[in-house]
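Here is what each chain is made of, one letter per residue.
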Amino acid sequence: MPDAMLPLSRLSPSRAARFRFVLSDIDDTLTEDGNLSAATYRQLEKLGDSGRKVILVTGRPAGWCDLIARFWPVDAVVGENGAFYFLYDRAGRKMIRRFHRSEAERAVDTARLKKMFAKLRKEFPGIELAADQAFRISDIAIDVCEDRAPLPAETVARLIARLEAMGATVKLSSIHINAWIGDFDKLGMIRQLLRGVYRLSDTEMQRACVYLGDSPNDEPMFAHFENSIGVANIRAFASRMKSLPRHVTRKPGGRGFAEFARLALRPGT
């Protein structure tokens, strides 16, 4: 079992105020019960208005990430668990897109993943791809509980094992099983973005960045970043995770994210 998480109250306001880059997952970190509240959205905006860079790091698909990068008060989005980053140049009216794998590689990967899922549907009758699958370019997402009754934990474990045996990289989020071809993850792409666009060294990343998440697909980020925070619902996954965040909020989802934002934005810090 990993070391215990410290309550967010153990993070001093002065230290929280020093984070210049706020990196955050979306589902069940900014949202709660599938909803993004106006209050949480406003916290994103306030963090950006304070001069911080706000970057979302998610398993959600390219189609969603294009919209988020354009319209949300964020500076960039890493999507599909590290398959790419999108950054909208508002002055130049241009979307900057960087992918881990080439277009030709992605086409081969997609065909292979479709064959994998076709086999799985025969072995696991009733499983379905996530509703957002049509907007994905690098992975498949199997719905675990977003638009269906939750799959039994044993079934989820067996699905993950079968996908890995077929040669896929697999991560479990709070709502989906994501599977892709290749060795990329959230951490690799966020480091590429922070180095290439913001010119941060690895040492500077550790000082300047904080990451917030809620589930096993956030483990690479929790393991790498010294400053990491889990919203309270991460406790449901803690027993099956090797790397936990350093701190945990009192409240789940977007209300937990807001706890951190208020701490970082506290007047006088």
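Structure first, text after, so check above.
Everything quoted here is computed from the prediction, not taken from an experiment.

On to the overall build of the protein. When helices and strands are tallied, the protein shows nine helices and twelve strands. For 269 residues, the compact-globule estimate of 2.2 N^0.38 gives 18 Å, and the C-alpha radius of gyration of the protein, at 18 Å, lies within 12% of that figure. Expressed as lengths along the three principal axes of its C-alpha atoms, the size of the protein is roughly 60 × 45 × 35 Å. Counting across all 269 residues of the protein, residues that qualify as buried make up 53%. If you take every contact in the protein between residues at least 6 apart in sequence, the share linking residues at least 24 apart comes to 59%. By element, 50% of the accessible surface of the protein is carried by carbon and sulfur atoms, the whole surface being about 12,400 Å². Averaged over its 42 positive side-chain charges, the protein has a centre that lies 4 Å from the centre of its 33 negative ones.

Right, let's talk about the side chain of Lys186 for a bit. Summarising the element assignment, Lys186 is placed in helix 6 (residues 186–196). A polar contact of 3.3 Å, which involves the side chain of Lys186, links it to the side chain of Asp25. Setting aside residues up to four positions removed in sequence, Lys186 forms contacts with Asp25, Val57, Thr58, Gly59, Val78, Asn81, Gly82, Tyr211, Asn217, Asp218 and Met221.

Two descriptors summarise a pair of aromatic rings, namely the distance from one centre to the other and the angle between the planes of the rings. Scanning the model with the defined rule gives eight aromatic pairs in all. Ring geometry for Trp180 against Phe184: centres 5.2 Å apart, planes inclined by 15°, an arrangement best described as stacked. Residue Trp180 is classed as buried on the basis of its relative accessible area of 0%. What makes Phe184 buried here is its relative accessible area of 5%. Each residue in the set Phe84, Phe86 and Phe99 is aromatic and connected to the rest through ring pairs, giving one cluster.

Within a sheet, neighbouring strands are paired by backbone hydrogen bonds and run either parallel or antiparallel to one another. Strand order in the open sheet made by the nine strands is 1-12-11-10-2-3-4-5-6, with mixed pairing throughout. Either end of the sheet is taken by a strand with one partner, and the two such strands are strand 1 (6–7) and strand 6 (94–99). In this sheet, strand 3 (residues 53–57) lies alongside strand 2 (residues 21–24) in parallel orientation, the contact comprising four bridges. Note on strand 3: the bridge partner recorded for Val22 is Val54. Along the sheet face, helix 3 (residues 62–71) touches strand 3, strand 4 (76–79), strand 5 (84–89) and strand 6 and points at about 30° away from the line of strand 5.

Criteria and thresholds
- Residues numbered from 1 in each chain as written.
- Predicted model: local features only at pLDDT ≥ 70, side-chain atom pairs only at ≥ 80, totals over all residues.
- Heavy atoms only, no water.
- Helix = DSSP H or I, 4+ residues; strand = E, 2+ residues; numbered from the N terminus.
- Rg over C-alpha atoms; globule rule 2.2 N^0.38 Å.
- Buried < 20%, exposed > 50% of the residue type's maximum accessible area, 1.4 Å probe, protein only.
- Contact = heavy atoms within 4.5 Å.
- Areas by Shrake-Rupley, 256 points an atom, 1.4 Å probe, with all protein chains shown as cover.
- Lys, Arg positive; Asp, Glu negative; His and termini not counted.
- Charge placed at Lys NZ, Arg CZ, Asp CG, Glu CD.
- Polar contact = N/O pair within 3.5 Å; in protein donor to acceptor, adjacent residues only side chain to side chain.
- Phe/Tyr/Trp six-rings, centres within 6.5 Å; stacked < 30°, edge-to-face > 60°.
- Pairing = 2+ DSSP bridges.
- Axes fitted to C-alpha atoms, helices over the stretch in contact; angles between N-to-C directions.

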